[in-house]
Amino acid sequence: MMNFFLTVFLYHPAVTQCSNPLSPTMILSGRTGAGKTAVIRHLEKQMEHSVIVDPSEMAMNYISNSDIFRFLDVIGADLDILFQSLWKHVLCIEFIRLRFNINNEIDSKSVFSRIWDQFSRDKRKESALDYLKEWEGKFWITMDQNIREIAEKVESQVEAELSADIHKFKSRGQYQKQLSTEKKTELVARARRIINPDLLIDLNKIISMLQEVSKDGQFAFFILLDKLDENWVTADVRFKLIRALIESLKTFRKIHCLKILVALRADVLERVVQETEDISFQREKYEEYFLPLRWQEDQLKKLIQNRIRKLFARQYTGKDVLFEDVFTPKIGNKDTFTYLIERTLMRPRDIISFVNECLKQGSNTHEVTVKNVHQAEKEYSRVRKQALIDEWKSTYPTLDKCIDLLAQIGHEVLTISDIMSENRLEELALAIGAAERIEYDPLHAISIKTLEQAEGYSNLAREVASILYTVGAVSLKLRSDERHFYSHIDSPIIEPALITDSVKIKIHPMLHATLNISDKRRTH
């Protein structure tokens, strides 16, 4: 399967920016199925000096399972400095290993000697060199060992400083609720003596030294991170760690021969922003580092043509088999490929899934007919709905209830009034508000407030419409003289305050079949 994937890889323009060390792009963002992993693996294959960092091998669960780090979290200590230090340390060590081809302890000590000889006379680098000296024979060890050693060192320091309170935390339930504000402030201040900005200052100096020793390098080096959306660490710290990674990346821009590229799902980024209470963490500050992976219809058509060409090679004539050779030319009055692409979120996984289902339905005929496409659409639409719910589960855990609300309304174009009518919204508020809150659910608090204050239904309706837009279930037409906006094409978020009573809400065609939206209802 992987070999087949490589043979049909389509060179997306984003690859050019991702492969250029001088480009500011450091985070390749996109929805599930947009092709982020394909780009990462393509770069690993094409670039001679590259490494993929697997977060599951980083022992970050050691931190989330540590009583001491959980104690620091519940008293409100800022762990961001520690998390940034971990990332910068890991990325520095990984770059040193890659840049100097370190495979053993002897190589490691030799490289440290080289760095020491170059900077030992610079008093400003003294503390950074002392930091590196602790690791002079360890540049070759695994990230797992690196992180564990740093974490254990911080643990021992915190335990020495706050041992009595840590013991109480371990032995008493709800310990943090028994603490006064003054006591928490005192504990946080004492913890800050250990986890302080000096950690980052030394690492920033090390990054500057690495830039100096690498400025004449002839090669580009690539550190690639993927699978950050998987269960490599518990959810309570995952988004804080990703936020710290994003904060850390910009420091490495000064190393011109190094390209760090992180593949990050759009919904994970949204959750990181939601989880962040610090107003200093804003999307706008990082815009230049983000590259949204988006596709045009002609690019997706080429991708499908490549797959069909490989699957249906003509045995006798040697000519290429095209999409038009396999599919009926029209669905109604529309070009067939246009019909298919309108039922996707303009990403490879969607169109590949739909085409594959069509081919399955038409496997016993000489061409994929209109009937085959409609049969395939029922299954494809059902799968898309469930995939949408699964994709955004970590950000909007009650999304399934919002989509079910669309099925109750039953027509394609609707308004805020449609969402609020016939007690639908009250039932939704009850279903969400009466249940136990699931991790982070932005609809839980507003549902409870809506039930307590009857006039709050309008706010809930707008919040629901905003979420349905963000995930791609609906498009929004904000003004009568504007077209419909789609989150996968236009702005990824439209705030609830902008969704007035006159806004037109249109259910995405990919959900029509599974929500039983008929042609007659679409005239509403």
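Above this text you will find the structure in question.
Residues numbered from 1 in each chain as written. Predicted model: local features only at pLDDT ≥ 70, side-chain atom pairs only at ≥ 80, totals over all residues. Heavy atoms only, no water.

Turning to the sheet that holds strand S1 (residues 27-30), a few remarks are in order. One open sheet holds the 5 strands; their spatial order is S2-S3-S4-S1-S5, and the pairing between them is parallel. Both outer strands of the open sheet, strand S2 (50-53) and strand S5 (290-292), are each paired with one neighbouring strand and no more. Averaged over neighbouring strand pairs, the angle between their axes works out to 20 degrees when direction is ignored. Alignment of S2 against strand S3 (residues 221-225), held across 4 bridges, turns out to be parallel. Residue pairing in the sheet places Val-51 in a bridge with Ile-223 of S3. Sheet strands touched by helix H12 (residues 235-249): S1, S3, strand S4 (258-265) and S5. Its angle to S4, the strand with the most contacts, is close to 150 degrees. (Pairing = 2+ DSSP bridges. Helix = DSSP H or I, 4+ residues; strand = E, 2+ residues; numbered from the N terminus. Axes fitted to C-alpha atoms, helices over the stretch in contact; angles between N-to-C directions. Contact = heavy atoms within 4.5 Å.)

Glancing now at empty space enclosed by the protein. Counted under the stated rule, the structure contains 3 cavities of 30 Å³ or more. Roughly 40 Å³ of volume is contained in the largest cavity. Lining the largest cavity are Pro-21, Ser-23, Thr-25, Met-26, Phe-252, Arg-253, Leu-258, Lys-259 and Ile-260. Split by residue class, the lining of the largest cavity holds 5 nonpolar, 2 polar and 2 charged. (1 Å grid on protein atoms, 1.4 Å probe; cavity = no way out; pocket = protein on both sides within 12 Å on 5 of 7 lines; lining within 4 Å. Points joined across faces, edges and corners; volume = space filled by probe spheres on them. Nonpolar A, V, L, I, M, F, W, Y, C, P; charged D, E, K, R; others polar.)

Another point: the pattern of salt bridges. Enumeration over the complete set of coordinates arrives at 33 salt bridges. Put simply, Asp-80 and Arg-243 hold a salt bridge, and the shortest N to O gap is 3.5 Å. With a gap of 163 residues between them, Asp-80 in helix H6 (residues 80-99) and Arg-243 in helix H12 connect regions that are remote in the sequence. An identical accessibility class is assigned to Asp-80 and Arg-243; each is buried. One salt bridge connects Asp-404 with Lys-385, and the closest N-O pair in it is separated by 3.4 Å. One end of the pair, Asp-404, is in helix H19 (residues 399-409); the other, Lys-385, is in helix H18 (residues 370-391), and 19 residues separate them in sequence. Asp-404 gets classed as partly exposed once you look at its relative accessible area, which sits at 34%. Because the salt bridges share partners, they merge into one network encompassing Glu-161, Asp-165, Lys-183, Glu-186, Arg-190 and Arg-193. (Salt bridge = Lys/Arg side-chain N within 4 Å of Asp/Glu carboxyl O. Buried < 20%, exposed > 50% of the residue type's maximum accessible area, 1.4 Å probe, protein only.)

Next up on the list: the layout of surface pockets. Each pocket or cavity is described by its volume, and for the largest pocket that value is around 980 Å³. Ala-266, Arg-294, Ser-487, Pro-492 and Ile-493 are the residues nearest the centre of the largest pocket, which is lined by 38 residues in total. Of all the secondary structure elements, the ones that give two or more residues to the lining of the largest pocket are S1, helix H13 (266-275), S5 and helix H23 (457-471). Residues of the lining of the largest pocket, tallied by class, amount to 21 nonpolar, 9 polar and 8 charged.

Another point: H6. Along its 20 residues, H6 runs 28 Å from first to last C-alpha, staying within 8% of the 28 Å computed at 1.5 Å per residue. Across the 20 residues of H6, 20 count as buried, placing the element largely inside the fold. One or two positions beyond H6, positive phi appears at Asn-101, with a value near 55 degrees. (Expected span 1.5 Å × (residues − 1).)

Two elements in contact, helix H21 (residues 424-433) and helix H22 (residues 442-452), have axes separated by 8 Å at closest approach and are oriented at 125 degrees. By the angle between their directions, the pair H21 and H22 is classed as oblique. Crossing of H21 over H22 shows left-handed handedness. Counting all contacts with H21, which are made through Glu-426, Ala-429, Leu-430, Ile-432 and Gly-433, the residues of H22 involved are Leu-443, His-444, Ser-447, Ile-448 and Leu-451. The residue inventory of the contact of H21 with H22, partitioned by class, reads 6 nonpolar, 3 polar and 1 charged. (Parallel < 35°, antiparallel > 145°, perpendicular 65-115°, else oblique. Left-handed = near helix turned anticlockwise from the far one by under 90°.)

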